[in-house]
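# Topology and contacts: notes
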Amino acid sequence: MAVVGATDDPVRPVTLHSLFVAFLKVSLCAFGGPLVWVRRMVVERQHWLTDQEFAELLSFCQFLPGPNVVSLTVCVGAKFRGLAGSLAALAGFTVIPCILGFSLGALLLSHAHNGLLQDVLRGISAAAAGLIIGTGIRLLMPHRRRPAALLFCALAFAGLAVAKLPLLIVVVVLLPLSVAIAGRAAAGAA
Amino acid sequence: MTAPAATLLGHLALLSLISFGGTPGVLPDMRQFVVVTHGWISDQDFSNCFAIVQAIPGPNMILLMSLIAWKVGGVPAAAAGALATFGPSCTLAFAAFRLWDRFRDAAWQRRLRRGLVPVTIGLVIAGGYAMARVGDVGWASAAVTLAAACLMLHPRVNPLWLVAAGGALGGCGLL
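Residues numbered from 1 in each chain as written. Chains lettered and ligands numbered in written order. Predicted model: local features only at pLDDT ≥ 70, side-chain atom pairs only at ≥ 80, totals over all residues.

### Describing the overall build of chain A
Each helix and strand in chain A was counted, giving seven helices and zero strands. Along the chain direction, N to C, the helices and strands of chain A fall in the order α-α-α-α-α-α-α. Dimensions of chain A, computed from the C-alpha atoms along their principal axes, are close to 60 × 45 × 25 Å. Looking at the 190 residues of chain A, the share that counts as buried comes to 53%. Pairs at least 24 apart in sequence give 56% of the contacts found in chain A among residues at least 6 apart. (Helix = DSSP H or I, 4+ residues; strand = E, 2+ residues; numbered from the N terminus. Buried ≥ 20, exposed ≤ 12 C-beta atoms within 10 Å, placed from the backbone. Contact = placed C-beta atoms within 7 Å.)

In structure tokens:
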């Protein structure tokens, strides 16, 4: 089976300016966590990465400490433009959105007892949770014909969300199995 | 800068380097540290900070840590708290990515990536599910989450409209 979209050359050259602006925009609309919006920008709008490449880069960042999507921003910048690219993407992602978000958050925090505000926040959270689930399903689409991939995705979900196991346990148990089976499948295909 | 703020910043920088699997996993630790061990902020303030950063745009974990730091040591602590949250981990991410990318065509790495991805996606979906369970008080909220997830699969739908619709339904007292 051919590897889909294993390109390293995006449609347009990735400039420092475009990295800064793309990650600034992403961060400014990042309700419910930036992952949803980063995928939309990097995969759907800019075509810098395929869904497959995006999921692989996200997996890598999952095993780094710290906020995952911030690490992802650094990695996307580094992939296309090295250190300068990382700094441009990171600056776009953090500086202005943090100042605005912090001001808004501090303001809301001083009105946290307001009933209407709590109702609106609850509605936004419910929708944002749906966006994250939808993004996960989108990332799964390139793997929909791999039963082992679907199985391990379901097991990871069940372990964390249903059985409420600690993240570390889920990862330590599932990861070696998933990698071993992926390795066997690759060896069988070759 | 006050002594509590300095202690908090040191803790944030440490968490930045040891929080494997992302910062959501360190929330229980964070709560223990600022609410129980040191008593800098109340449990209610901590929960409010969390609810607010989920509902406003921006890098939510950085905003959460800076809001908590703000409660402890004012605006200078908030700025330093944000830097402490992502500075150490970003430096590490850059170095690690350079090394990882050098071997991107190696057979072992292709295999590793193939195995990692499904588990990662399961964790992402579980994260969304956990967030829905925290906020959801009834079937109406669950329906909003489900509808948003389904509409998200359509590439032409701008997710901002989904967020706005959720906020509007909530504001009308329907959730």
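### Notes on the overall build of chain B
Looking only at helices and strands, chain B features seven helices and zero strands. Reading chain B from its N terminus to its C terminus gives the helix and strand order α-α-α-α-α-α-α. Across its three principal directions, the C-alpha atoms of chain B cover 55 × 50 × 25 Å. Evaluated residue by residue, chain B yields a buried proportion of 49% over its 175 residues.

### Considering the interface of chain B and chain A
On the side of chain A, 86 residues touch chain B, which itself brings 88 residues to the contact. Only α1 (3-18), α3 (43-55), α4 (60-102), α5 (107-135), α6 (139-152) and α7 (159-171) of chain B provide two or more residues apiece to the side of chain B that touches chain A. In terms of residue count, the dominant contributor to the side of chain B that touches chain A is α5(B) (23 residues). Its residues assigned to classes, the side of chain B that touches chain A comprises 56 nonpolar, 26 polar and six charged. (Nonpolar A, V, L, I, M, F, W, Y, C, P; charged D, E, K, R; others polar.)

### Considerations on the environment of B:Val72
Residues and elements named next belong to chain B. Within the secondary structure, Val72 sits in helix α4. Considering only alpha carbons, one finds Val72 and Ala6, 66 residues apart in sequence, at a separation of 9.8 Å. Those residues in contact with Val72, other than ones at most four positions away along the chain, are Pro4, Ala5, Leu8, Trp40, Ile41 and Ala77.

### Re the domain arrangement of chain A
Taken domain by domain, chain A comprises domain 1 (16-143) and domain 2 (145-190). For domain 1 of chain A versus domain 2 of chain A, the distance between C-alpha centres works out to 25 Å. (Domains from an automatic or database assignment.)

### Description of the packing of helix α4 (residues 68-109) of chain A against α4(B)
Helix-helix packing: each pair is described by the crossing angle between the helix axes and the interaxial distance. Put simply, α4(A) and α4(B) touch, their axes get as near as 11 Å, and they point 165° apart. Considering the angle they form, α4(A) stands roughly antiparallel to α4(B). The handedness of the crossing between α4(A) and α4(B) is right-handed. Broken down by class, the residue content of the contact of α4(A) with α4(B) amounts to 20 nonpolar, seven polar and three charged. (Axes fitted to C-alpha atoms, helices over the stretch in contact; angles between N-to-C directions. Parallel < 35°, antiparallel > 145°, perpendicular 65-115°, else oblique. Left-handed = near helix turned anticlockwise from the far one by under 90°.)

### Overview of the nonpolar core
Counting residues in each nonpolar core, the largest one holds 114 residues, and the members touching the most others are A:Cys75, A:Ala89, A:Ala127, A:Ile132, A:Ala156 and B:Ala69. Looking at this core, the element that brings in the most residues is α4(B), giving 19 residues. When we break this core down by domain, the ones giving at least three residues each are domain 1 (16-143) and domain 2 (145-190) of chain A. Other than its neighbours up to four places away in sequence, A:Ile132 contacts A:Gly32, A:Gly33, A:Leu35, A:Val36, B:Val124, B:Gly127, B:Gly128 and B:Met131. (Core = buried A, V, L, I, M, F, W, Y, C linked by C-beta atoms within 7 Å.)

### Re the confidence of the model for chain B
Summary statistics for chain B give a mean pLDDT of 88 and a share of 94% for residues scoring 70 or more. Among the scores for the predicted complex, ipTM is 0.87 and pTM is 0.86. (pLDDT = per-residue confidence, 0-100.)

### Comments concerning α7(B)
The end-to-end C-alpha distance of α7(B) is 18 Å, a good match for the 18 Å that 13 residues give at a rise of 1.5 Å each. Those residues of α7(B) that sit buried are B:Pro159, B:Leu162, B:Val163, B:Gly166, B:Gly167, B:Leu169 and B:Gly170. What you see down the axis of α7(B) is that its buried residues fit within an arc of 165°, all on one side. In this fold, the buried residues of α7(B) make contact with α2 (35-45) and α5 (115-140) of chain A together with α6 of chain B. Of the residues flanking the end of α7(B), it is B:Gly173, one or two places downstream, whose phi is positive at about 80°. (Expected span 1.5 Å × (residues − 1). Arc of directions from axis to C-beta.)

### So, the confidence of the model for chain A
The predicted model of chain A averages 88 in pLDDT, with 91% of residues at 70 or higher. Averaged over each element, pLDDT in chain A is lowest for helix α7 (residues 167-189) of chain A (82) and highest for helix α1 (residues 16-28) of chain A (96).

### Here's the deal with α6(B)
Residue pairs three or four apart in sequence face the same way in an α-helix, which turns once every 3.6 residues. All names here are of chain B. Between its first and last C-alpha, α6 extends 20 Å over 14 residues, near the 20 Å set by a 1.5 Å rise per residue. Of the residues making up α6, those classed as buried are Ser141, Val144, Thr145, Ala148, Ala149 and Met152. Burial along α6 is one-sided: seen end-on, the buried residues are contained in an arc of 130°.

### With respect to the packing of α3(B) against α4(B)
All names here are of chain B. Where α3 contacts α4, the axes come no closer than 9 Å and their chain directions differ by 145°. Note that α3 runs across α4; the crossing there is right-handed. Touching Asp45, Cys49, Phe50, Val53 and Gln54 of α3 are Asn60, Leu63, Leu64, Leu67, Ile68 and Lys71, all from α4. A per-class count over the contact of α3 with α4 returns seven nonpolar, two polar and two charged.

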